[in-house]
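# Remarks on the overall topology
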Amino acid sequence: MPKTDARPTRPNRPLNGNHHITGITADVTANVDFWSRIMGLRLVKKTLNFETTFRYHTYFGDTDGDVGSVVTFLEFKEFPRGLPGKGNHHAAILRVKSHAALDYWMDRLTQEQVYSELIRLDPTQPRRLVFQDPEGHNVELIATDATDAPQAFPASDIPADFRITGIEGIRTNASLDEIAPYAEHLGFTRNDGLGRFELQGTTRSSRWYSNPAPNPLPFQEIAVGVWHHLALDAEENLQGWRDFSNEGPLRTTPVYDHHVFDSCYTNTPAIIELTSAGPGFLVDQTKEELGERLALSKRVEPLRAKLERELTPITNPRRADGTLITEPASKPVRA
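The structure reproduced in this document is the subject of the present report. The numbers attached to residues start from 1 for each chain and follow its sequence in the written order. At least 70 in pLDDT is required for a residue's local features to be given in this predicted model, at least 80 for side-chain atom pairs to be given and counted, and no such filter applies to totals for whole chains, interfaces and linings, which use all residues. To get the side-chain values, take all heavy atoms of the structure and skip hydrogens and water.

### Quick word on helix H1 (residues 28-38)
Exposure is judged per residue with a 1.4 Å probe applied to protein chains only, and the accessible area is read against the type maximum: over 50% gives exposed, under 20% gives buried, and values in between give partly exposed. Strands here are runs of E lasting at least two residues and helices are runs of H or I lasting at least four, both read from the DSSP assignment and numbered beginning at the N terminus. What H1 keeps buried is the set Val28, Asn31, Val32, Phe34, Trp35, Ser36 and Ile38. In the stretch just after H1, glycine 40 is the one whose phi turns positive, near 75°.

Right, dumping it as structure tokens:
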């Protein structure tokens, strides 16, 4: 039988939307306070960057840390604060349900001494609120037109209608033409009117926006305050997607074991990660324990005592039920 040199084809099942978004922090205390207490996300994991044995990796999301809800941060204390340059991801975009939610968040951030700006004068574009976290990460809340099921955490001090309901996607310092080769290879479709690429998975979506006025600074591989990557959910076929990705316009790394999921990466010019859906955050902790005890992989577990002595202590500002530690816990509802 003659040999064939068939290249990998796009898997039949599409990428299932967003998995997570990751930034760079030098101050995990301020990081946790902002993303859990102020933004109302659940601290679902405090663990280590899986490429090192001594740096925190914090994760925030909905009640169970479900795929598509998670914002994460890698700790690099020694790195300076930077600005997103050409090809960097410019802003993480999170979803809210309505225009009224944007007004609520402008008021809430004002009370927390955070500057913000409503972008709502162009009727052809989605309304959004733009601001920065304490370390300079650009963040947008968008009144989304996505039909994905909401992914929220019942933060007790935020009305249910105004809570963050998952990840919309990313905004990148690159033109649609620059993003197109890899985005279209992965199955995104172009929407020039909204300045974005759109990916519809079986249960969730992802939107990849172009920044219309990209910063002329050079690309920053790692800088505090700069979003490092967007991760897309390859579910149970990560190796198939990795192989197909690698046959496209850009090379893709091998698959790496990251304990709670597996991953591979490529530069697009920005960094995109393809990620398995599981095993997930409950692989080594119960739902009630998420975000409390330091979670370590088997490789790093022998360092636990040393790490717990030397790492910056992290205090979770919220309980598992969404209440703040400064207020009484909510009482369970009787059937």
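Once you've had a look at it, read on.
### What to know about the pattern of salt bridges
In the sections that follow, a salt bridge refers to a side-chain nitrogen of Lys or Arg positioned within 4 Å of a carboxyl oxygen of Asp or Glu. Under the criterion given, the structure shown has 26 salt bridges. Of the charged contacts, one joins glutamate 140 and arginine 171 as a salt bridge, the two residues approaching to 2.7 Å between their closest N and O atoms. Residue glutamate 140 is located in strand S8 (residues 138-143), and its partner arginine 171 is located in strand S9 (residues 167-172); the two are separated by 31 residues in the primary sequence. A residue is classified by how much of its surface remains accessible, and arginine 171, at 7% relative accessible area, is buried. A network of salt bridges, in which partner residues are shared, links Arg95, Asp145, Asp148, Glu168, Arg196, Glu198 and Arg207.

### Some remarks on the sheet that holds strand S15 (residues 261-267)
Pairs of strands are assigned from DSSP output, requiring at least two bridges between the strands. Here we have eight strands laid out as an open sheet, ordered S2-S3-S4-S1-S13-S16-S15-S14, and mixed in their pairing. Two strands close off the open sheet at either side, each with one partner strand: strand S2 (42-48) and strand S14 (256-257). The pairing of strand S13 (residues 229-235) with strand S16 (residues 271-279) spans six bridges and is parallel. The partner of glutamate 235 across the bridge, within S16, is serine 276. Where H1 meets the sheet, it contacts strand S1 (18-25), S2, strand S3 (56-61) and strand S4 (70-75), and its direction lies at approximately 5° from that of S3. Of the strands in this sheet, S13, S15 and S16 are in contact with helix H4 (residues 238-246), which crosses S16 at around 165°. Pairs of residues are marked as contacts when any of their non-hydrogen atoms sit within 4.5 Å. Only the contacting stretch of a helix is used when fitting its axis, a line to C-alpha atoms as for every element, and angles between N-to-C directions run 0 to 180 degrees.

### Quick notes on helix H2 (residues 99-111)
Helices are assigned an expected span. That span is 1.5 Å times one less than the residue count. In this model, H2 (13 residues) spans 19 Å end to end at C-alpha, consistent with the 18 Å of a helix rising 1.5 Å per residue. Those residues of H2 not exposed but buried are Ala101, Leu102, Tyr104, Trp105, Arg108 and Leu109. Buried residues along H2 cover an arc of 160° about the axis, so they all sit on one side. Along H2, the residues that are exposed and aim more than 90 degrees away from the buried face are Asp107 and Gln111. In this structure, the buried residues of H2 make contact with H1, strand S5 (89-96), strand S6 (116-119), strand S7 (128-132) and S8. In this context, the arc is that of the directions from the helix axis out to the C-beta atoms.

### Describing the side chain of glutamine 151
Inspection of the secondary structure puts glutamine 151 in the loop between S8 and S9. Here valine 67 takes part through its backbone oxygen, which lies 2.7 Å from a polar atom of the side chain of glutamine 151. Not counting chain neighbours up to four residues away, the residues in contact with glutamine 151 comprise Asp62, Asp66, Val67, Gly68, Ser69, Ile164, Thr165, Gly166 and Arg204. Here a polar contact is taken to be a pair of N or O atoms separated by no more than 3.5 Å, where protein atoms must pair a possible hydrogen donor with a possible acceptor and residues adjacent in sequence count only if both atoms sit in side chains.

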